[in-house]
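Report on the structure
Read off the chains here:
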Amino acid sequence: MHYQTESWNSYLPTKPPTTDSLQLILRLAAENAVVIFSKSTCCMCHSIKRLFSGMGVNATVYELDEDPREKEMEKALIRLLGSSSAVPVVFIGGKLVGAMDRVMASHINGTLVPLLKEAGAIWL
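Everything in this summary refers to the structure shown in the same document. Every value quoted in this text rests on a predicted model; they were computed, and no experiment measured them.

1. With respect to the packing of aromatic side chains
In the structure shown here, the tally under the stated rule is two aromatic pairs. For the ring pair Phe-37 and Tyr-62, a centre distance of 5.5 Å and an interplane angle of 20 degrees mean the geometry is stacked. On the criterion of sequence distance, the pair formed by Phe-37 in strand β2 (residues 34-38) and Tyr-62 in strand β3 (residues 60-63) is long-range, its members being 25 residues apart. Residue Tyr-62 is classed as buried on the basis of its relative accessible area of 1%. Aromatic side chains Phe-37 and Phe-91 sit 5.9 Å apart centroid to centroid with 80 degrees between the ring planes, which places their arrangement in the edge-to-face category. Residue Phe-37 is found in strand β2, and its partner Phe-91 is found in strand β4 (residues 89-92); the two are separated by 54 residues along the sequence. When its relative accessible area of 1% is taken as the criterion, Phe-91 is described as buried.

Shown next, in the form of C-alpha cells:
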C-alpha cells in the first residue's frame, strides 16, 4: 500500500471555496488506480486495505485523521456517499465504488476484479 500522509499540504489552498473538500477528494481519487480514504484507527478501513493488499493492489491510502482538514473531508465524503459513515471510501479508476458494503458486494459478486483490471490496478 502506498500511504499519502505528507502530500496533503500541496493540495490545500489558502482560502478554500465551499466545494473545495469535495473537489479535493475527486482530484485525489483521479490520481491513482485505487484510492482509499481511511482513518488509521478504523477497523473496517483496515479490512478494506487488507483486502486490496491481498489481491496484489497497491492502493493509495489517505488517512483522514492525519489531515488538518479531517472534519471537512469527512463531511464531503458523507455527502458523496449519502450515508452517516465517512470511511472507508474506495475509488477505482477515479470512479466512486463506495464504502465497505459496496466493495465487499462487488468482491463477492465478481465485479471487483474486472474494475481493478480496467483501472490498471491488477494485470492477471
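2. Comments concerning unusual backbone geometry
A negative phi angle characterises most non-glycine residues, just as the trans form characterises most peptide bonds. With an omega dihedral of -5 degrees, the bond running from Val-87 to Pro-88 counts as a cis peptide bond. The topology assignment puts Pro-88 in the loop between α4 (70-81) and β4.

3. Notes on the packing of helix α3 (residues 43-54) against helix α5 (residues 100-109)
Two elements in contact, α3 and α5, have axes separated by 11 Å at closest approach and are oriented at 30 degrees. Considering the angle they form, α3 stands roughly parallel to α5. Judged by the twist between their axes, the crossing of α3 over α5 is left-handed. Here Met-44, Ser-47, Ile-48, Leu-51 and Phe-52 of α3 lie close against α5, whose contacting residues are Met-100, Val-103, Met-104 and His-107. Tallied by class, residues from the contact of α3 with α5 come to seven nonpolar, two polar and no charged.

About the cut-offs
- Residues numbered from 1 in each chain as written.
- Predicted model: local features only at pLDDT ≥ 70, side-chain atom pairs only at ≥ 80, totals over all residues.
- Heavy atoms only, no water.
- Phe/Tyr/Trp six-rings, centres within 6.5 Å; stacked < 30°, edge-to-face > 60°.
- Helix = DSSP H or I, 4+ residues; strand = E, 2+ residues; numbered from the N terminus.
- Buried < 20%, exposed > 50% of the residue type's maximum accessible area, 1.4 Å probe, protein only.
- Axes fitted to C-alpha atoms, helices over the stretch in contact; angles between N-to-C directions.
- Parallel < 35°, antiparallel > 145°, perpendicular 65-115°, else oblique.
- Left-handed = near helix turned anticlockwise from the far one by under 90°.
- Contact = heavy atoms within 4.5 Å.
- Nonpolar A, V, L, I, M, F, W, Y, C, P; charged D, E, K, R; others polar.

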